Amino acid sequence: MNRRLDLTARNFPSAKDECETLVPHPDYDGPGSAYELAFKDEAFLLRDDMRPVRMQLELLKPELQLTEQGVRSTVVIFGSARILPRDVAEQRLALAEGGGESGAIRRARMQLDMSRYYEEARRLGRLITEASAARGQPIYVVTGGGPGIMEAGNRGAFEAGGKSIGLNIVLPHEQRPNPYITPELCFRFHYFALRKMHFLMRSVALVCFPGGFGTLDELFESMTLMQTGKSRRRPVLLFGREFWSRLINFDLLLDTGMISPGDERLFHYVETAEEAWTLLETEYELATTPTL
């Protein structure tokens, strides 16, 4: 009599095993047949009425992967995809000056001025990664996965020898992941709403650099959730007081009663990576900032 010694053996084949052993049927595996396994049937999964299932999958896939990778705490870094590294901005200014067109020169000078934010995001990504690793409780940088400020945050973490996360989104002109994201933590979303959920679910702080509509969308949705008590309050850091105070008149919102007194304390202005990290140290009683 044979005795099974492996008490943990599967009683049923896995879905993967089942798929690998399937033999195509000559009559029923053709186009239009309903014979395909439901979870392998792309046409079925992409139906409009399967949207709720697809949304569940977009919530679940990153959740499982992040949990398996041990990601518990993140700092979200977001801002414009159009902000350039300093060396690239310098090259573009030199080209513009060589061309002699005043409008091109003005735009190139502005790009060079804004490139300081790329360098600060890069240094902050490195600082967060190094300082938290030294504590034995890593905090992971998470970005939208694209170029500009997003690239800078991932790049800083990469240069510090740490992992970082990229939450990419499918756009009409497809966004390509920047090359500094940890491959097993590089995700792609169809639904903006599910992507936003994953930005916030593990975040201990949100760091917002100058940006456009997408940046403002992320900023105000996050602050609204905190203002209304739907999400716990955590530091929201706005890099560049001059930019943000010119862009948004928070005093007007207070004066007209559009926000309540105290709501302006939902965020803090910062100018440097060190200032941002010091604020997080104070908030969470972290260790002393390492020297870069």
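Residues numbered from 1 in each chain as written. Predicted model: local features only at pLDDT ≥ 70, side-chain atom pairs only at ≥ 80, totals over all residues. Heavy atoms only, no water.

Identification of the protein as Cytokinin riboside 5'-monophosphate phosphoribohydrolase from Pelomonas aquatica is taken from an unreviewed UniProt entry.

Quick look at the overall build of the protein
Scanning the protein from N- to C-terminus turns up eleven helices and seven strands. Once the C-alpha set of the protein is aligned to its principal axes, its extents read approximately 80 × 50 × 45 Å. Across the 292 residues in the protein, those meeting the buried criterion constitute 40%. Once local pairs closer than 6 in sequence are excluded, the contacts in the protein between residues at least 24 apart make up 67%. Carbon and sulfur atoms provide 54% of the accessible area of the protein, an area that totals close to 17700 Å². Once the 35 positive and 40 negative side-chain charges of the protein are each reduced to a mean point, those two points are 1 Å apart. (Helix = DSSP H or I, 4+ residues; strand = E, 2+ residues; numbered from the N terminus. Buried < 20%, exposed > 50% of the residue type's maximum accessible area, 1.4 Å probe, protein only. Contact = heavy atoms within 4.5 Å. Areas by Shrake-Rupley, 256 points an atom, 1.4 Å probe, with all protein chains shown as cover. Lys, Arg positive; Asp, Glu negative; His and termini not counted. Charge placed at Lys NZ, Arg CZ, Asp CG, Glu CD.)

A closer look at the packing of aromatic side chains
What the rule picks out here adds up to six aromatic pairs. Ring-pair connections join several aromatic residues into one group, and the members of that group are F250, F267 and Y269. (Phe/Tyr/Trp six-rings, centres within 6.5 Å; stacked < 30°, edge-to-face > 60°.)

Observations concerning helix α3 (residues 51-68)
Here α3 is 18 residues long and its end C-alpha atoms lie 26 Å apart, about the 26 Å a rise of 1.5 Å per residue gives. Here α3 has its buried residues at R54, E58, P62 and L66. For α3, the buried positions fall inside an angular range of 95° around the axis, keeping them on one side. Seen from the buried face of α3, the exposed residues on the opposite side, beyond 90 degrees, are P52, Q56 and E68. Close packing links the buried residues of α3 with α2 (42-45), β3 (164-169), β4 (186-189) and α7 (192-201). After α3 finishes, the residue G70 shows a positive phi value of roughly 75°. (Expected span 1.5 Å × (residues − 1). Arc of directions from axis to C-beta.)

Structural notes on the nonpolar core
Within the largest apolar cluster, 29 residues are counted, with the highest numbers of intra-cluster contacts made by I165, L219 and L238. Going through the elements one at a time, β1 (74-78), β2 (140-143), β3, β4, α7, β5 (203-208), α8 (213-227) and β6 (236-239) are the ones with two or more residues in this core. Setting aside chain neighbours within four positions, we find L219 in contact with F78, C208, V236, L238 and W244. By size, the runner-up hydrophobic cluster in this structure holds 28 residues, among which are V75, I83, V270 and A276. (Core = buried A, V, L, I, M, F, W, Y, C linked by side-chain atoms within 4.5 Å.)

Notes on a nonpolar patch on the surface
Where nonpolar side chains cluster on the molecular surface, the patch consists of L59, M197 and M201 and spans about 240 Å² of accessible area. When you line up the elements, M197 lands in helix α7. Residue classification places M197 among the partly exposed positions, given a relative accessible area of 43%. (Patch = residues over 30% accessible without salt bridge, like charges linked within 9 Å, V, L, I, M, F, W, Y side chains within 5 Å. Salt bridge = Lys/Arg side-chain N within 4 Å of Asp/Glu carboxyl O.)

Some words on the pattern of salt bridges
The tally for this structure, following the rule as stated, stands at 15 salt bridges. Across the pair R122 and E119 runs a salt bridge whose closest N-O atoms are separated by 3.5 Å. With R122 and E119 both in helix α5 (residues 102-135) and three residues apart, the pair spans about one turn of that helix. Taking the shortest distance from any N to any O, the salt bridge between D217 and K196 comes out at 2.8 Å. Note that D217 is positioned in helix α8 and K196 in helix α7, a separation of 21 residues in sequence. Residue classification places D217 among the partly exposed positions, given a relative accessible area of 34%. Residues participating in the shared-partner salt-bridge network are E119, R122, R155 and E159.

Digging into the packing of α5 against helix α11 (residues 273-284)
Following both chains from N to C, one finds α5 and α11 inclined at 40°, their axes separated by 9 Å at the closest point. Every pair of crossing elements has a handedness; the one defined by α5 and α11 is right-handed. Of the residues in α11, those in contact with E120, R123, L124, L127, I128 and A131 of α5 are A273, E274, A276 and W277. Split by residue class, the contact of α5 with α11 holds seven nonpolar, no polar and three charged. (Axes fitted to C-alpha atoms, helices over the stretch in contact; angles between N-to-C directions. Left-handed = near helix turned anticlockwise from the far one by under 90°. Nonpolar A, V, L, I, M, F, W, Y, C, P; charged D, E, K, R; others polar.)

Overview of the environment of T129
Among the secondary structure elements, T129 is positioned in helix α5. As for T129 and A38, which are separated by 91 residues in sequence, their C-alpha atoms are 42 Å apart. For T129, the contacting residues outside a window of four places in its chain are I139, V141, A157, A160 and G162. One polar contact links the side chain of T129 to the main-chain carbonyl oxygen of G125, over a distance of 2.7 Å. (Polar contact = N/O pair within 3.5 Å; in protein donor to acceptor, adjacent residues only side chain to side chain.)

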